[in-house]
Amino acid sequence: MPATRNTFVSAQRLPGWLDRLAAGAGALDITPEHGGLHVSAANGTEADLLAPWPDDGRPGRGGDDVERLVSLAGQSRTLGIVLLRRGGYAAGVAREGQLLASKTGNRYVQSRTAAGGGSQQRFARRRANQADALVETAAEQAARIFTEHPPEYLVFGGDRQLTEVLARQKIFARWSNLTRLRPLDVQDPKLAVLAQAAKDACSVFIRITVP
């Protein structure tokens, strides 16, 4: 049964990554597909390569499809990143894989429930209050950072339900309509995770299928 995995490769490393794939999997057939590139190797391995952002009138330049993808992915563009899970948040602005500014944290509040009701109900209300406070704090911090370093694109990661709630916060309204790039799968929004997210969000996304 074919096995699939995902990885991120920076623009500078992409030609070398393709060379290593060819060395291990055989000759490569590379064709444009769905706004990116589809790679088929002689041994049946396949890979889909996608640029981190659309060309938006600034297409990559080069003599072949790979060079154009490398050129596009290597452009300097500014991304606003918000990672959010129930345990905490991380917000930052990235360019060329590096954080220009960042803020991480968490916030918990005491439950303000009415007297009475079962413990399960009080627990559910407490979790809801905590999530609301966390989203509000994350939105406030992201808005502060984005005001100082205006992003061109928006990248969310973590809990999709919470990030959608954040996008609807009034304080975040001026950025909620930015073009959203590929969401990131993160488990723990700490500074190190945000730094890695900055690199991944500015890299070529590759989905590899091995027969």
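Residues numbered from 1 in each chain as written. Predicted model: local features only at pLDDT ≥ 70, side-chain atom pairs only at ≥ 80, totals over all residues. Heavy atoms only, no water.

Take the overall build of the protein next. In terms of helices and strands, the protein carries five helices and 10 strands. Each of the 211 residues in the protein was classed as buried or not, and the buried ones make up 40%. Long-range pairs, those at least 24 residues apart, make up 63% of the contacts in the protein between residues at least 6 apart in sequence. Taken as a whole, the protein presents about 11400 Å² of accessible surface, with 47% of it coming from carbon and sulfur. (Helix = DSSP H or I, 4+ residues; strand = E, 2+ residues; numbered from the N terminus. Buried < 20%, exposed > 50% of the residue type's maximum accessible area, 1.4 Å probe, protein only. Contact = heavy atoms within 4.5 Å. Areas by Shrake-Rupley, 256 points an atom, 1.4 Å probe, with all protein chains shown as cover.)

What the largest pocket holds in volume is close to 260 Å³. Taken together, 17 residues line the largest pocket, and the ones lying closest to its centre are S10, Q12, E96, C202 and S203. Of all elements in the fold, only β1 (3-9) and α5 (191-201) reach the threshold of two or more residues within the lining of the largest pocket. Taken together, the residues that form the lining of the largest pocket break down as six nonpolar, seven polar and four charged. (1 Å grid on protein atoms, 1.4 Å probe; cavity = no way out; pocket = protein on both sides within 12 Å on 5 of 7 lines; lining within 4 Å. Points joined across faces, edges and corners; volume = space filled by probe spheres on them. Nonpolar A, V, L, I, M, F, W, Y, C, P; charged D, E, K, R; others polar.)

Ordered by their spatial adjacency, five strands build an open sheet running β7-β6-β5-β8-β9, and the pairing between neighbours is mixed. What marks the edges here is a single partner per strand, and that holds for β7 (98-105) and β9 (179-180). Pairing of strand β5 (residues 78-85) with strand β6 (residues 88-95) involves eight bridges; the strand directions are antiparallel. Note that in β6 the partner of L83 across the bridge is A90. Running at roughly 125° to β5, helix α4 (residues 160-167) makes contact with β5, β8 (153-158) and β9 of the sheet. α5 rests against β5, β6, β7 and β8 of the sheet, and its axis sits at about 145° to β7. (Pairing = 2+ DSSP bridges. Axes fitted to C-alpha atoms, helices over the stretch in contact; angles between N-to-C directions.)

Turning our attention to the pattern of salt bridges. Enumeration according to the criterion identifies five salt bridges in this entry. For R68, the salt bridge goes to D65, with nearest N and O atoms at 2.7 Å. Linking R68 with D65, this pair stays in helix α2 (residues 65-73), spanning three residues, or about one helical turn. Of the residues examined, R68 reaches a relative accessible area of 32% and is grouped as partly exposed. (Salt bridge = Lys/Arg side-chain N within 4 Å of Asp/Glu carboxyl O.)

Our focus in this paragraph is the nonpolar core. Of all hydrophobic cores here, the largest spans 37 residues; its most connected members are L14, W17, L49, L79, I81 and I206. Aside from chain neighbours lying at most four places away, what touches L49 is L14, L18, G36, L37, V39, L69, V204, F205 and I206. Of all hydrophobic cores here, the second largest spans 22 residues; its members include A91, A142, A167 and F172. (Core = buried A, V, L, I, M, F, W, Y, C linked by side-chain atoms within 4.5 Å.)

Next up on the list: the pairing of strand β4 (residues 46-50). Where burial is concerned, the two faces of β4 differ: the one with A47 and L49 is buried and the one with E46, D48 and L50 is not. Sheet topology places strand β3 (residues 36-41) next to β4; four bridges connect them, and they run antiparallel. Pairing of S40 across the sheet is with E46, part of β4. Between the end of β3 and the start of β4, which pair antiparallel, lie four residues, with G44 showing a positive phi angle near 100°. Sheet topology note: the β4/strand β10 (residues 204-210) ladder contains five bridges and is antiparallel. By the bridge assignment, L49 is partnered in β10 with I206.

With respect to the helices and strands, Q75 occurs in the loop between α2 and β5. On the basis of relative accessible area, Q75 is assigned to the buried category, the value being 18%. Within the local environment of Q75, its side chain forms a polar contact with the side chain of R77, the two groups lying 2.6 Å apart. Those residues within four positions of Q75 in sequence are excluded, and the remaining contacts are W53, R58, P59 and G60. (Polar contact = N/O pair within 3.5 Å; in protein donor to acceptor, adjacent residues only side chain to side chain.)

Below, the discussion takes up α2. Taken residue by residue, α2 has V66, L69, V70, L72 and A73 as its buried positions. All buried residues of α2 lie within an arc of 165° about the axis, which places them on one face of the element. Buried positions along α2 lie against α1 (14-25), β2 (28-33), β3, β4 and β10. (Arc of directions from axis to C-beta.)

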